[in-house]
2 protein chains.
Amino acid sequence: MDSYYITIGRQYGSGGKEIGERLASFLGIPFYDKELLKVASAGSGLDEEIFNQHDEKPASSFFYAFSSGASSAGVTGLPINHKVFLAQFDAIRDIAQKGSCVIIGRCADYALEDFENVINIFIYADMEFKKQRALSYGVPENKLEDAIIKTDKKRAGYYNFYSGKKWGEKGSYDLLINSGKLGIEKTAALLAEYVNLRF
Amino acid sequence: MDSYYITIGRQYGSGGKEIGERLASFLGIPFYDKELLKVASAGSGLDEEIFNQHDEKPASSFFYAFSSGASSAGVTGLPINHKVFLAQFDAIRDIAQKGSCVIIGRCADYALEDFENVINIFIYADMEFKKQRALSYGVPENKLEDAIIKTDKKRAGYYNFYSGKKWGEKGSYDLLINSGKLGIEKTAALLAEYVNLRF
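Thresholds, definitions, all that
Residues numbered from 1 in each chain as written. Chains lettered and ligands numbered in written order. Predicted model: local features only at pLDDT ≥ 70, side-chain atom pairs only at ≥ 80, totals over all residues. Heavy atoms only, no water. Salt bridge = Lys/Arg side-chain N within 4 Å of Asp/Glu carboxyl O. Helix = DSSP H or I, 4+ residues; strand = E, 2+ residues; numbered from the N terminus. Buried < 20%, exposed > 50% of the residue type's maximum accessible area, 1.4 Å probe, protein only. Axes fitted to C-alpha atoms, helices over the stretch in contact; angles between N-to-C directions. Parallel < 35°, antiparallel > 145°, perpendicular 65-115°, else oblique. Contact = heavy atoms within 4.5 Å. Nonpolar A, V, L, I, M, F, W, Y, C, P; charged D, E, K, R; others polar.

Chemist: Just to check I follow, could you spell out the pattern of salt bridges for this structure?
Modeler: Once their charged atoms are close, side chains differing in charge can pair, the charge on each being opposite to the other. All names here are of chain A. Per the stated rule, a full pass over the model turns up 27 salt bridges over all chains. Glu-56 is the salt-bridge partner of Arg-106, the closest N and O atoms lying 4.0 Å from each other. Of this pair, Arg-106 sits in the loop between β3 (101-104) and α6 (108-111) while Glu-56 is found in the loop between α3 (48-54) and α4 (62-67), placing the two residues 50 residues apart along the sequence. Overall, the relative accessible area of 3% leaves Arg-106 in the buried class. What makes Glu-56 buried here is its relative accessible area of 9%.

And the structure:
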């Protein structure tokens, strides 16, 4: 069949990355999360560290944008965070040209808006489930809720600013699922079934 | 296994009722949509027509509530729309006591909040898909979008007022799905698979 693309938006601690990895493995197609930053870095000539710094952060003030690494990246005119966004945007489209894949976050649904066979998924979970997972990522116990709320606020800011859509709201996705109800493995299995039914 | 319950919130024109019917048929369990009104009417002594009039309509002003049929229903003290809500609430819990079922709308998720094995689903779709379906229900072509927006506004008002949750927002559900992407039959098949994975 033709290539197809699965984009996954996810709340911090919902297990979106692990679900995406398992889904890609079920389907036998490549998976991109942080891997995207390397591709975008190579394609843009910007240092990979700059992508790590600006990864899924909301568009900040012009002052901040120009003052944090813009000179080292040889930016001409454009704030560094916009340049980082555009390099990721191009990287996502280049990757998709090569064939089917699963891409986590980074406005991939927006970058692939004019592609055929795109499935846009959002993964969320109850706070308690997310806290348990964040704890397993190494977040200190007294900072769990704070880390979850702050990370999601950044992701929402980034997504809403660049895509013009609303992060985590149903109008932006084909399917939204609470991963805490089925757990990681079964959520991935259900999504694989969804893909099978779609194509 | 123990009884389980599937509640389905749905946008007007999304095919939620048909999807629920097929899902109930796949699972071999009873299905309740308008059927609920008959059960609630029998249990409350209020006329079924009153349930039809107030079905999933938001709590209106006290003046309206008291002036529209309250006297004929022998209401003592409580506005008729609240009495209708309470009768449906009781009917949903009575039905659930008898065994597994699929229930469409009417704050069933809220009525069953303290039951075990409840799956809460929301079905939505793009406007074009909903307009095509509303046309097939007999809505005049020049009134399609208006009918969709107004009906959903009423459903949201009813749900938000009584449940204290937010209609159509992910925090209120386990799974939200755009029925226009898979179509009616396959959406029902995916939901059946979800139920299988849950229990």
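Back to the text.
Chemist: I keep staring at unusual backbone geometry and nothing clicks. Help me out?
Modeler: It is generally the case that most residues other than glycine have a negative phi and that most peptide bonds are trans. With phi around 55°, Arg106(A) is a residue other than glycine that occupies positive phi space. Phi at Asn117(B) takes a positive value of approximately 60°, unusual for a residue other than glycine. As for its position among the elements, Asn117(B) is in the loop between α6 (108-111) and β4 (118-124).

Chemist: I'm lost on the packing of helix α2 (residues 35-44) of chain A against helix α5 (residues 80-98) of chain A in this one. Help?
Modeler: Residues and elements named next belong to chain A. Two elements in contact, α2 and α5, have axes separated by 8 Å at closest approach and are oriented at 105°. It follows that α2 is roughly perpendicular to α5 by the angle criterion. In this structure, α2 contributes Leu-36, Leu-37, Val-39, Ala-40 and Ser-44 to the contact, and α5 contributes Ala-87, Gln-88, Ala-91, Ile-92 and Ile-95. Here the contact of α2 with α5 is built from residues that sort into eight nonpolar, two polar and no charged.

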